[in-house]
Amino acid sequence: MIEILKHKMTPEDILSAGFGIEREGLRVTPQGKLALTPHPPIFGDKLENPYITTDFSESQVEIVTSVFTSVKETYENLEALTNIVISEIEENDECFWPQSMPCDIPDDSVIPIAEYQGKAGEKPRKYREKLMAKYGGKRQLISGIHYNFSFSDDFIETLWKESKSDATLKDFKDKLYLKVTRNFLRYRWLIIYLMGCTPALHDSYLQDCLDCMNDIGKNTFLTENLISSRNGSCSGYKNTVDLYPNYYSVSEFVESVNAFIERGDISEAKELYAQIRLKPKNFENLLESLEKDGIQYVEIRTIDLNVFDKCGIAEIDLDFLHVFMLFLLLEGEEYYETWQQEALLNEKYVAEHGLNPELELLDHQHWTLKTAWAEDVLGKIAEINDYLNLGQGQCIEEMLNRAKNPKLTYAHRLKMLISEKGYIAANLDLAKKYNAECKKDHYQLKGFEDWEMSTQILIKEAMTRGVKVTVMDPVENIIALKNGDHIEYVKQATKTSADTYITALLMENKVVTKMILEDNGVPVPKGEEFFSFDEASRKLHKYVGKKVVIKPKSTNFGLGIFIFNQGGTMEELLEGARIAFEHDTAILIETFIPGLEFRFLTMGDDVVAVLHRRPANVVGDGETTIEGLIKKKNEHPYRGDGQTSPLKKIELDEQSIMFLKQQELTDQTIPSNGEMIFLRGNSNISTGGDSIDYTDKMHPYFSDIALAAAKAFNAKFCGVDMIIEDYENPQSPYGIIELNFNPMIVMHAYPLEGKERRLGYNILKTIGLAK
C-alpha cells in the first residue's frame, strides 16, 4: 500500500483528510466549584446549535468544530469557539475548567443533568437520566477531546483502483477504517502516554478512586507514576464490564454490539464506550446505517484535555495524530485471540504507571519495555514521513522527546504544578490565564483574521448563537448564514437582502441624498456641484475666506475631503478641489456646519449605536515632533489597516500636510505638553480618526432624526453622519452631512473610548435569523 502512496499520490494528496474536534469542559466558579447555573442562553437551543452545546450535564459545555481539510484550519476553528465560550461564561463570572477530571463537584443529587426544550429533547434527557442511575453523575462529568478523522475520497479511491481490489468501493473503505480501528486499539497506549494529562484528583471525586491514591494535602490526591486517571481502571469513564466488539467486518461488529444490548451490558449502541468509534452517516439508526452506508469516519476518544493549551489540545499533537493515522493504516497486523485483552491491559498499565521509565507492556504476548516500544513505533512513523516526504518531522521529533523523557509529558508537568499549588489552584490559575489571553485580541476571530472586521463580528455572533456559517468567498467577504430552513447570503456584514439595490445607489450620490433628505424636511448643508476642475477654478473665488467643505460627490471612507473651518485662500481651495477630483468626476462644495460630528448606526427600526468620530490627531508631550507622535499613536493595538483592525493607522499624507499648513504647522513642529493637534478636518475612522462611544449620552431627539433619515431611503442598515452643536439639547442647530450604505460597524463594536457595542446580534435580528 505504501508504494501506491509513494508513486500515485503527492504528499499533499496523502495528507488530504477530514478533521473535526469535539472538546468538552466544565463551567466552574471562581473558587473552582462546579457552576450550577443553566447553560448560557446566548448559545441557544442545545439541539440546534452546531458549534456549542452541552454533554451530560447542564454545567458541561461541548464545543464542536466544523469539518476541515487541514489541521491548521481545524485548530483555528477550535480556538475561535474556545475563545467564544471563555468570553461568554466569563460574563457570568465563570471559568472554563482546563482539564478532563472534574473540579470541586457536589453529590450526584446536586449535579444538574442537561435540560432540553420540546418533544425533541425528551429522548436525550431520558438517556442522560439512565446514565446517571447506572454510572453516577461524578463520572459523567469527566471531559475530553474527541478527534474525528476521515481519509479524503480521492485518497480512498486511488488506493482502491490501484490495489485492483475485488471489493466494492464501500466495502474497501470499510476495510481501511476497520484496520485503522484495530491498530488504534493496539497502539492506543502510546497516545495515552504522549497526551495523557490527568495525574491527580480532587477530594470531592469518588471515594473508592481516592482510596487508590495518595493524599498530598490541599484537597489533592495523586500517585507517583499516574499519567491518565481518565483512562485508568478506577477513575475513568467506562462500561460496567469490559466489552470486546468484533472489528473484522461491519456486519460482525453490528452483530457483536447487538449481542451486548441483548445481554443488558449496554442499553443502546452509543453507550459502547470504546476508545475509538466507527461513525455512521445516520446517527439516529447507528448500526443500520453502518451496514447500509458504510463507515464514514472514525472518532478517537482517548485524548485527555491538555491543560497547557487553551484549546485543550495542542496543534502539534493534532499534526502527530494525522501521521499516526497513516501509520495505523500501513502497519501490519498479527492475529491472535486475546489481542483486545492485551491492548486493554496496556491501556491500563500506561494510564496508571506510564511515568515509570521501567514499565513493561505486552507486545504480541511478549513483555517489552514501554520506552523501547514507543521509540520503535515512532521510528516507523518517522520512516513513513521521510519516505513519503510528508514534512511532519517536527511533531514526530517532539513525540520522540516525550517518549525518551517522561518529564516532558503533560502529565508530569501538571503533576509538578499540582504538587506545588494544589489541584484547584493549579487548574484555576491556567483557566484565568486563558481568560486573559481571550481579552487581549478579543476583536479578532481566529481563522478569519484576514477578513474585514465587520464580517468577523457577524461570523462570531452567528457561531455563538448557533447560526451555521458557510464561507462562500473569503476575498469578497461573502458568507451564507443558516438557521433552520432560513438562509441568508451576506457580504461585508451589512450588504444583505434586507436592502434594495437602489438604496445603495441613492446614498452613494451625495447630491441625490441631499435632495431626498430636504424633501423629507431634514436639514442639510447648502452647497454647489462642480463637474470639472476648470469649472471649479472659475467659481471657487466666491468661497475664499468662507467656512466650507470640499469633497468628492460619490466617494466613501473620507477620501479626498477637505474642511476649511477657518476659511481658505484661493490657492488652498484649488488644491482641495484638485485632490477631490482625483477621487471622482464631480465634487461638492458645502457650507461648513460647526459642532461635533456623530455617526448614528441604524439597523431595522432602531438606532443601535452612536459614535463621535474625532478627526485624526496627536497630543503633544513637549518633546516629540508631530511626525514622531503619529508613530507612537499608531502603535496602539487597535490601529492597523482599518479593515482587519478596529482603527486605521494615521497617515502623514498630502491632505494632512495641507491641513497642518492651514494651522501654520509642519510635521516637524513640537506641540506643547497636552496640546491636541488635528491632522485632518474630516473625522472618518478610515483616515485615522478616533472612535468615542456616545450611545448612552446622545439625546433621543437626534436619534429619531437619524432613524427618519434612514427610513427616507427605506434603508435597513445605514450610517447617518450628523453634526450637532450640543448633542444634549434638542433645540441645538444640527445638519445631516451624509448617509452611508454598508456602514462600518467595527468602530462601534470596539471604540477607542467608551462602551463596546455588541452589534452582530442586531444584524442577525434585522435579517430574520435571530429573535
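Note: the structure precedes this text.
Bear in mind the structure is a predicted one, so any value in this text is a computation, not a measurement. (Residues numbered from 1 in each chain as written. Predicted model: local features only at pLDDT ≥ 70, side-chain atom pairs only at ≥ 80, totals over all residues. Heavy atoms only, no water.)

Q: How would you summarise the pattern of salt bridges if you had to cite specific residues and measurements?
A: Applying the stated criterion across every chain, the model contains 54 salt bridges. Here Glu115 ties to Arg125 by a salt bridge, and the two come within 3.5 Å at their closest N and O atoms. A residue pair is termed long-range when its members are at least 10 positions apart, and Glu115 in the loop between strand S4 (95–96) and helix H4 (122–135) and Arg125 in helix H4 qualify at 10 residues. Assessed through its relative accessible area of 44%, Glu115 is described here as partly exposed. Given a relative accessible area of 22%, Arg125 falls into the partly exposed group. The shortest N-O distance in the salt bridge between Arg578 and Glu582 comes to 2.8 Å. (Salt bridge = Lys/Arg side-chain N within 4 Å of Asp/Glu carboxyl O. Helix = DSSP H or I, 4+ residues; strand = E, 2+ residues; numbered from the N terminus. Buried < 20%, exposed > 50% of the residue type's maximum accessible area, 1.4 Å probe, protein only.)

Q: Got a sec to walk through helix H16 (residues 423–440)? Specific residues and values, please.
A: In this model, H16 (18 residues) spans 27 Å end to end at C-alpha, consistent with the 26 Å of a helix rising 1.5 Å per residue. For H16, the full list of buried residues reads Tyr423, Ile424, Ala426, Asn427, Leu428, Leu430, Ala431, Tyr434, Asn435 and Cys438. Taken together, the buried residues of H16 touch strand S1 (17–28), helix H3 (71–90), S4, strand S6 (200–202), strand S8 (220–222) and helix H15 (410–421). (Expected span 1.5 Å × (residues − 1). Contact = heavy atoms within 4.5 Å.)

Q: Explain the packing of helix H21 (residues 570–581) against helix H23 (residues 654–662) residue by residue, including any values.
A: Running from amino to carboxyl end, H21 crosses H23 at an angle of 165 degrees, the nearest separation of the two axes being 12 Å. The angle between H21 and H23 falls in the class roughly antiparallel. The handedness of the crossing between H21 and H23 is left-handed. The residues of H23 that touch H21, namely those facing Glu572, Glu575, Gly576, Arg578 and Ile579, are Glu654, Gln655, Met658 and Gln662. (Axes fitted to C-alpha atoms, helices over the stretch in contact; angles between N-to-C directions. Parallel < 35°, antiparallel > 145°, perpendicular 65-115°, else oblique. Left-handed = near helix turned anticlockwise from the far one by under 90°.)

Q: Before we move on, could you go through the pairing of strand S9 (residues 276–279) and cite the residues and values that matter?
A: Burial of the side chains of S9 extends over both faces: Ile276 and Leu278 are buried on one face and Arg277 and Lys279 on the other. Here S9 pairs with strand S10 (residues 297–303) via 4 bridges, running antiparallel. Among the inter-strand pairings, Arg277 is bridged to a residue of S10, identified as Glu299. (Pairing = 2+ DSSP bridges.)

Q: Quick rundown of helix H11 (residues 315–330)? Include the residues and the values.
A: With 16 residues, H11 extends 23 Å between its outermost C-alpha atoms, agreeing within 8% with the 22 Å of an ideal straight helix rising 1.5 Å per residue. Among the 16 residues that make up H11, 12 are buried, leaving the element largely enclosed by the rest of the structure. Those residues of H11 not exposed but buried are Asp317, Leu318, Phe320, Leu321, His322, Val323, Phe324, Met325, Leu326, Phe327, Leu328 and Leu329.

Q: Which residues make up unusual backbone geometry, and what values go with them?
A: Backbone geometry places Asn389, a non-glycine residue, at a positive phi of 55 degrees. Residue placement: Asn389 occurs in the loop between helix H13 (370–387) and helix H14 (393–404). A positive phi angle, close to 50 degrees, is found at Gln492, a residue other than glycine. Positionally, Gln492 belongs in the loop between strand S15 (486–491) and helix H18 (501–508). Owing to a relative accessible area of 23%, Gln492 belongs among the partly exposed residues under this scheme.

Q: How would you summarise the packing of aromatic side chains if you had to cite specific residues and measurements?
A: Under the criterion given, the structure shown has 28 aromatic pairs. Seen from their ring centres, Trp97 and Tyr423 are 6.0 Å apart, and the 45 degrees between their planes marks the pair as tilted. Placement of the pair is Trp97 in the loop between S4 and H4 and Tyr423 in helix H16, with a sequence separation of 326 residues. The burial state of Trp97 is the same as that of Tyr423; both residues are buried. Here Tyr701 and Tyr734 contribute two aromatic rings whose centre-to-centre distance is 6.4 Å and whose plane-to-plane angle is 85 degrees, an arrangement assigned as edge-to-face. Of the two residues, Tyr701 is situated in helix H24 (residues 700–712) and Tyr734 in strand S28 (residues 734–740); the sequence distance between them amounts to 33 residues. You can call Tyr701 partly exposed: its relative accessible area is 35%. Judged by relative accessible area, Tyr734 falls into the buried class, the value being 19%. (Phe/Tyr/Trp six-rings, centres within 6.5 Å; stacked < 30°, edge-to-face > 60°.)

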